[in-house]
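Survey of secondary and tertiary structure
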Amino acid sequence: MTPATATPTETPAQTEKRIIVADTLGYCWGVRRAVDIISASAEEKGPVAPIGDIIHNPQIVERLRGKGVVGAASVDEALEQGFRRVAITAHGMGPHLAQQASAASLELIDTTCPLVIKVQKLAEKLVRQGYYIVVYGDAYHPEVKSVLGWANTSKSVAAKHIEDLPWNAARGQEGPGKITPPRKVALVSQTTKNIDELMPFANALQSMVVPNGGEFRFCNTICEPTTERQNALKKLVEEDHVDVILAIGGVKSSNTARLAEVGNKMGVRSYHIERPEDINDDWLDGVRLVGVTAGASTPDDVIEDVVATLVTKGYAAPEGGIHPVDPDYVPSY
Ligand code: SF4
């Protein structure tokens, strides 16, 4: 491809092919913390089996395997594989896991993100206060299951759409087939959800609960690192005006898929890639500004590899490289 030439009204910087890295991307605080805890524990005391996926990133899974960190589907499976130590991942688990580990005399390492613990404790408290708990999120996701596990009540549900709720009418509406909510309903969210989708859900639920003396409590528990990632993505589109977005993350990483989905919804062609080899040159045809973002389980070196590959394709590296991590950062919660 021939380099673009500046017109009289454009400076070279305005025509240069460039990489723009999102202000916040990659490992979130909670995942970085969990990987650090489990790595240090394995180095100090030997093999450990996280129950479930510690991280949706194949490169990191391999690296951890080299240190003796090998995932198991359950405590029983970890036992069968000869592990004496199991771990809870950053997503958290219900209280049953600690009980199972204790019954099997296994040491338990808890890497649950403190921001997930906050939601678990909140759900417990809301149940004590008599609320029916709605968890906005994916019913299959370990974090959502863990929040429901700590809520420990039949008066709870995971839902992503109003149709997922066990009610089909607003309080006070009576008639055949009408099922209305109880008087007190509280809503919390999976920490990684999108506020632009959570708000319409919250408003619709509120309008079902509040009539006829109902009480609705809405706790926005989307975590600060997630909010920062969503805002950084919006900035790539709205302020940096990138032509294409590459969202880097393991193929199983739903939050990476989500970043690409949001980019596409905002009108910028966005691709979910796992590694530099996944970049298709056709995507870059005629493209001047490439935006780079990455999911919460993508390590810095994979992001750097993608940036280096784009440099070989004629794009200027971002000034200052990818953004350094502040070791003292602790999100608000
Ligand atoms: S996405 Fe938020 S809540 Fe989840 S692990 Fe990361 S920092 Fe914690």
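This is a predicted model, so every value here is computed, not measured.

Okay, the domain arrangement of the protein next. According to the domain assignment, the protein contains domain 1 (12–27 + 224–312), domain 2 (29–113) and domain 3 (115–218). Facing the five residues of domain 1 at the interface are four residues of domain 3. It is helix α9 (residues 224–238) that provides the largest number of residues to the side of domain 1 that touches domain 3, a total of three residues. Looking at the side of domain 1 that touches domain 3, its residues break down into one nonpolar, four polar and no charged.

To continue, consider the pairing of strand β6 (residues 156–159). Note that strand β5 (residues 132–136) and β6 share four bridges and pair parallel. Residue pairing across strands places Val134 opposite Val157, the latter belonging to β6. What joins β5 to β6 is helix α7 (residues 142–151), and the crossover it makes is right-handed.

With that settled, consider the site of the ligand. In the vicinity of the ligand lie 14 residues, with Cys28, Gly30, Cys113, Thr191 and Cys223 positioned nearest. Residue assignment for the shell around the ligand shows that the elements contributing at least two residues are α2 (29–45), α6 (114–128) and α9. At three residues, α2 tops the list of elements feeding residues into the shell around the ligand. Broken down by class, the residue content of the shell around the ligand amounts to 10 nonpolar, four polar and no charged.

This part covers the sheet that holds strand β3 (residues 85–88). What the three strands build is an open sheet, ordered β2-β3-β4; its pairing is parallel. Both edges of this open sheet fall to β2 (49–50) and β4 (107–110), since each of them pairs with a single strand only. Helix-sheet contacts for α2 involve β2, β3 and β4, and the interaxial angle to β4 is about 150 degrees.

Positioned with a positive phi, Asn152 is a non-glycine residue whose angle comes to about 50 degrees. With respect to the secondary-structure elements, Asn152 resides in the loop between α7 and β6. Accessibility expressed as a C-beta count within 10 Å gives 13 for Asn152, which makes it partly exposed. Of note, the phi angle at His241 is positive, near 55 degrees, even though the residue is not glycine.

Moving on to the sheet that holds β5. Strand-to-strand pairing in sheets goes through backbone hydrogen bonds, with the strands running parallel or antiparallel. Strand order in the open sheet made by the four strands is β6-β5-β7-β8, with parallel pairing throughout. Looking at which strands have only one partner, the edges of the open sheet turn out to be β6 and β8 (215–218). Each strand of the sheet is rotated relative to its neighbour by a mean of 20 degrees, with strand direction disregarded. Along the sheet, helix α8 (residues 195–209) contacts β5, β7 (184–189) and β8; its crossing angle with β7, the most-contacted strand, is approximately 175 degrees.

Along its 13 residues, helix α11 (residues 300–312) runs 19 Å from first to last C-alpha, staying within 8% of the 18 Å computed at 1.5 Å per residue. Buried positions along α11 lie against β1 (18–21), α3 (58–66), β9 (244–248) and β11 (289–294). The positive-phi residue at the C-terminal boundary of α11 is Gly314, with phi of around 100 degrees.

Calculation notes
- Residues numbered from 1 in each chain as written.
- Predicted model: local features only at pLDDT ≥ 70, side-chain atom pairs only at ≥ 80, totals over all residues.
- Domains from an automatic or database assignment.
- Contact = placed C-beta atoms within 7 Å.
- Helix = DSSP H or I, 4+ residues; strand = E, 2+ residues; numbered from the N terminus.
- Nonpolar A, V, L, I, M, F, W, Y, C, P; charged D, E, K, R; others polar.
- Pairing = 2+ DSSP bridges.
- Right-handed = clockwise from strand over helix to strand, strands pointing away.
- Near = placed C-beta within 6 Å.
- Axes fitted to C-alpha atoms, helices over the stretch in contact; angles between N-to-C directions.
- Buried ≥ 20, exposed ≤ 12 C-beta atoms within 10 Å, placed from the backbone.
- Expected span 1.5 Å × (residues − 1).

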